[in-house]
Amino acid sequence: MMASQSTVMMASQSTTTFSPCFISTRTNTTDSTHLTRFPFRTRPQTRSSTRRLVLSSRLNSSKSSDAGGSVNNGDFAYELHHDFYRHRKKGSPVFVTLPVNSVGLEGRVSRPKAMMLSLRALAAAGVEGVVIEIWWGLVERNEPRVYDWRGYRELVAMASMCGLKVRAVLAFHQYGTVTDDPNRIPLPLWVLDEIQKDPELAYSDRFGRRNIEYISLGCDIFPVLRGRSPIQAYADFMRDFRDTFRPSLGFIITGVLIGMGPSGELRYPSFSSHKPNHHELGEFQCYDKYMLASLNACARDIDKREWGNGGPFSTGSLMQNPEHAEFFRNKGGSWNTPYGEFFLKWYSDMLLLHGERICREAETIFRGTEVRISAKLAAIHWHYATQSHPSELTAGYYNTSNRDGYLPIARMFSKYGFSICCSCFEMQDAVMKKINPDGSPEGFLRQLLLAARLCDVSLEGQNYSTDLDDGAFSQVLKMSKFYSNGIEKRPFSFNFVRMDKKMFEPRNWDRFTRFVRQMSGRNIFRAKLNSSGDIRLKTTSKAA
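A brief look at the structure comes next. (Residues numbered from 1 in each chain as written. Predicted model: local features only at pLDDT ≥ 70, side-chain atom pairs only at ≥ 80, totals over all residues. Heavy atoms only, no water.)

## Describing helix α4 (residues 150-161)
An α-helical segment advances 3.6 residues per turn. Residues three or four places apart therefore align on the same side.
Now for step 1: Over its 12 residues, α4 extends 17 Å from the first C-alpha to the last, a length consistent with the 16 Å expected when each residue adds 1.5 Å.
Now for step 2: Buried within α4 are the following residues: Gly151, Tyr152, Leu155, Val156, Met158, Ala159 and Ser160.
Now for step 3: Backbone geometry just after α4 places Gly163 at a positive phi near 80°. (Helix = DSSP H or I, 4+ residues; strand = E, 2+ residues; numbered from the N terminus. Expected span 1.5 Å × (residues − 1). Buried < 20%, exposed > 50% of the residue type's maximum accessible area, 1.4 Å probe, protein only.)

## Notes on the packing of helix α2 (residues 112-124) against α4
Now for step 1: Where α2 meets α4, the closest approach of the two axes is 9 Å, and the angle between their N-to-C directions is 35°. Like other packed secondary-structure pairs, α2 and α4 cross with a definite hand, here right-handed. In this structure, α2 contributes Pro112, Met115, Met116 and Leu119 to the contact, and α4 contributes Leu155, Met158, Ala159 and Met161.
Now for step 2: Broken down by class, the residue content of the contact of α2 with α4 amounts to eight nonpolar, no polar and no charged. (Axes fitted to C-alpha atoms, helices over the stretch in contact; angles between N-to-C directions. Left-handed = near helix turned anticlockwise from the far one by under 90°. Contact = heavy atoms within 4.5 Å. Nonpolar A, V, L, I, M, F, W, Y, C, P; charged D, E, K, R; others polar.)

## A look at the environment of Pro312
Now for step 1: Turning to its location among the elements, Pro312 is positioned in the loop between α7 (289-301) and α8 (338-366).
Now for step 2: Distance in space between the C-alpha atoms of Pro312 and Gly340 is 7.7 Å, their sequence separation being 28 residues.
Now for step 3: When neighbours within four sequence positions are excluded, Pro312 is seen to be in contact with Phe284, Tyr287, Phe327, Tyr339 and Phe343.

## As for the pattern of salt bridges
Now for step 1: Within the structure shown, the criterion is met by 28 salt bridges.
Now for step 2: The salt bridge partner of Arg246 is Asp243, with a shortest N-O separation of 3.3 Å.
Now for step 3: The salt bridge partner of Glu356 is Lys415, with a shortest N-O separation of 2.9 Å. Of this pair, Glu356 sits in helix α8 while Lys415 is found in helix α10 (residues 407-415), placing the two residues 59 residues apart along the sequence.
Now for step 4: Classification of Glu356 as buried rests on a relative accessible area of 17%.
Now for step 5: Here the residues in one salt-bridge network are Glu140, Arg145, Arg228, Asp236 and Arg239, joined through shared partners. (Salt bridge = Lys/Arg side-chain N within 4 Å of Asp/Glu carboxyl O.)

## With respect to the nonpolar core
The tendency in soluble globular proteins is for nonpolar side chains to be buried as a group.
Now for step 1: The biggest cluster of nonpolar side chains holds 145 residues, and the ones touching the most others in it are Leu122, Trp136, Phe241, Ile258, Phe366, Phe413 and Phe512.
Now for step 2: At 13 residues, the largest contribution of residues to this core is made by α8.
Now for step 3: Apart from residues no more than four positions distant in its own chain, Phe366 is found in contact with Leu170, Met238, Phe241, Arg242, Val256, Ile258, Val371 and Ile373.
Now for step 4: Listed in part, the five residues of the second largest apolar core include Phe95, Val131, Val169 and Leu257. (Core = buried A, V, L, I, M, F, W, Y, C linked by side-chain atoms within 4.5 Å.)

## What about the packing of aromatic side chains?
The description of an aromatic ring pair uses the distance of the two centres, along with the angle that the planes make with each other.
Now for step 1: Here the structure, examined in full by the defined rule, presents 40 aromatic pairs.
Now for step 2: Measuring from centroid to centroid gives 5.9 Å for Tyr203 and Tyr268, while their planes differ by 80°, and the two rings are edge-to-face. With Tyr203 in strand β9 (residues 202-204) and Tyr268 in the loop between β11 (253-258) and α7, the pair connects residues that are 65 residues apart, well separated along the chain. Tyr268 matches Tyr203 in its accessibility class, with the two residues each being buried.
Now for step 3: On the numbers, 6.2 Å between centres and 50° between planes, the contact of Tyr483 with Phe492 is tilted.
Now for step 4: Residue Tyr483 is classed as buried on the basis of its relative accessible area, which comes to 1%.
Now for step 5: Feature note: the residues Trp136, Tyr147, Trp149, Phe172, Trp190, Tyr214, Tyr234, Phe237, Phe241, Phe245 and Phe366 constitute an aromatic cluster, connected by ring pairs.
Now for step 6: Residue placement shows Lys304 over the ring face of Trp307; its charged tip is 5.1 Å from the ring centre. (Phe/Tyr/Trp six-rings, centres within 6.5 Å; stacked < 30°, edge-to-face > 60°. Lys NZ or Arg CZ within 6 Å of the ring centre and 35° of its normal.)

Now the structure itself:
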């Protein structure tokens, strides 16, 4: 940080309280759409030549901020002035995903004092913002169209007080598949009532096992939720979110990720979301009556009625070697026959249609708010080195050795101006090969990144595991440069998943803050945590 860009006034040293005042100048721009080989949307031009961040901090303060957003008591203060926009152009911003239970079942922020201390530490470390998962099962918990945003409004305000931006995840899925999970968040209670009345609203595999992580996309447009379709319920939720948080959109809340399936990912619940096994083939989820009706209609259209009675036979067991499954084996597998091509195209097209329906609603609802909209894809890499890619096929990604399954998805997101979020940026092939020779996280990620570059789609990276060492952080830097470097610089950001007690342990914290500096490519005030949890600021620049 250059001395000309910052003024620091220090009187004593204790726990810091941050309170931001943003002063920005914007020029209006309009989005334009042009069509090339694929339907692209051009990115809005940069809005601001200068954007100044004034960050005020007070020590020894127990009072909350006043209406002006500043704390008026305490014996320490400093202000940090810098050109905010130009500052962020140098590197890739880092966000941190907050704990799942940040807002409790009663609709209030859990442990607000500890949360505020954590947010201050993140801000002092140079983190751009936080990712807040907003759960459908909490906000619209008891009755349709009755929304309780109190806890999330409080959490957004706390992040704003610390000078952090917010990415909101609109989570339309269940969290936790284990009944005794203390952090388990089910779908809204009134939705579960409807599923109990009609179990066909839940996905089903060939064994009749139901999955209620997410409502079956087969009934997307049917009024099965007390007179509304699932798509209408999601749209109403997005619309109420927009209206409730409108003053913060584009300013504090700069991004909204729209959940599209289990774990928020655009996919079928073909494998366990709780703890997926890196050998799992997965099961096709096409046996509820709504999915079967669609499959049957498609088979009749091509005069192949016998193909419309269900999914493929001989797909093996969940943990079986794919070479022992007739459908998935490399040579002579049914996946590469006319029947296999028909079924897999129908199955993946249904998923793509589900994504497009939600994209269309979200783009309309958030148009003009200046927030970046995104969606998440699953990083299913554990059979990537095989020809049939069975675990990807059962999840709905028709990606094989002779077909690119991610390019149609990237085109669809590009059409509606969405970014793509994906995990496993820290995973390395050399490590995975020791666990599963068929896996290739780097191969999968390179294919997805190339599809995103081709379709001009921005990318948000994530980590899969929270136990990151220096090698894992270096891998994130390597894969992010693979996407963003080149003649045309492409916007990239990283979501660290997720904040917990281990993150603030001295060794882990040092690794993380160093990673933030490397991603941002800039000098920052680095937060050091002492044994009592207080924050000490250490500059990384001699000029400061």
